[in-house]
Amino acid sequence: FQCKIKPEQDLAWRIVWVGSAKNEVHDQILEEVDVPPELGLNSFDFICDGPNPDKIPADEVLGVTVVMVQALYKGKEFLRVGYYVKVDYTDEKLREEPPQVERPDPALLERLILTDEPRVTRYLIEWDSCNAAYSEEGNSGEQTNDSETVLEEVKPEAQVITS
């Protein structure tokens, strides 16, 4: 990300695994870190372990879900980058004829994270004394007033790997 004005506090970043499309209670925060932004171009590696499969409903372990990278400032989310994830058996025979079990064995599964088409959402927040904000949805990074934007175009060039 590009930082044009140094915020007063660090940016909080988190990786969230969506455990169920039906209920947020199954979402898992895989990692959280505070990053002090510097003026200019900033980048960092964000590595985490995979989700705990026991916290995902058995009927939703396989299939498509989402992993999100969220950015927050002073507890307010201003950026969300979502990636679709397909969870399936590693063995082609098991994919074609899944075993009739109550819960799939995590050792037999793989996660294919579709990093080519991230879904980027920006939210309006109050920054510091400069009072700049991002536009909702889209990639414009537009400002809502005459002050400069704190953070400029965030380019999600992430390689998301969960073990």
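Residues numbered from 1 in each chain as written. Predicted model: local features only at pLDDT ≥ 70, side-chain atom pairs only at ≥ 80, totals over all residues. Heavy atoms only, no water.

## Structural notes on the sheet that holds strand β6 (residues 76-89)
Strand order in the open sheet formed by five strands is β3-β2-β5-β6-β7, with antiparallel pairing between adjacent strands. Here the strands that pair on one side only, and so sit at the sheet edges, are β3 (28-35) and β7 (109-122). Strand-to-strand, the axes of this sheet are offset by a mean angle of 20°, without reference to chain direction. (Pairing = 2+ DSSP bridges. Helix = DSSP H or I, 4+ residues; strand = E, 2+ residues; numbered from the N terminus. Axes fitted to C-alpha atoms, helices over the stretch in contact; angles between N-to-C directions.)

## Considerations on the confidence of the model for the protein
Residues at a pLDDT of 70 or more form 79% of the protein, whose mean pLDDT is 82. The secondary-structure element of the protein with the lowest mean pLDDT is strand β8 (residues 151-152), recorded at 52, while strand β2 (residues 11-17) shows the highest, at 96. In the model, residues 155-163 has pLDDT below 50 throughout and makes 22 contacts with residues more than four positions away in sequence or in other chains. (pLDDT = per-residue confidence, 0-100. Contact = heavy atoms within 4.5 Å.)

## A few points about the nonpolar core
By size, the foremost hydrophobic cluster in this structure holds 27 residues, and its most contacted members are L11, W13, I15, W17, V67, F78 and L79. For this core, the secondary-structure elements that each account for two or more residues are β2, β3, β5 (63-73), β6 and β7. The element that contributes the greatest number of residues to this core is β6, accounting for seven residues. (Core = buried A, V, L, I, M, F, W, Y, C linked by side-chain atoms within 4.5 Å. Buried < 20%, exposed > 50% of the residue type's maximum accessible area, 1.4 Å probe, protein only.)

## Quick look at unusual backbone geometry
Peptide bonds are, in most cases, trans, and in most cases residues other than glycine have a negative phi. Even without being a glycine, K74 presents a positive backbone phi close to 50°. Checked against the element boundaries, K74 lands in the loop between β5 and β6.

## Comments concerning the environment of P99
Inspection of the secondary structure assignment puts P99 in the loop between α1 (92-96) and β7. When its relative accessible area of 32% is taken as the criterion, P99 is described as partly exposed. Excluding residues that lie within four positions of it along the chain, P99 makes contacts with Y89 and L94.

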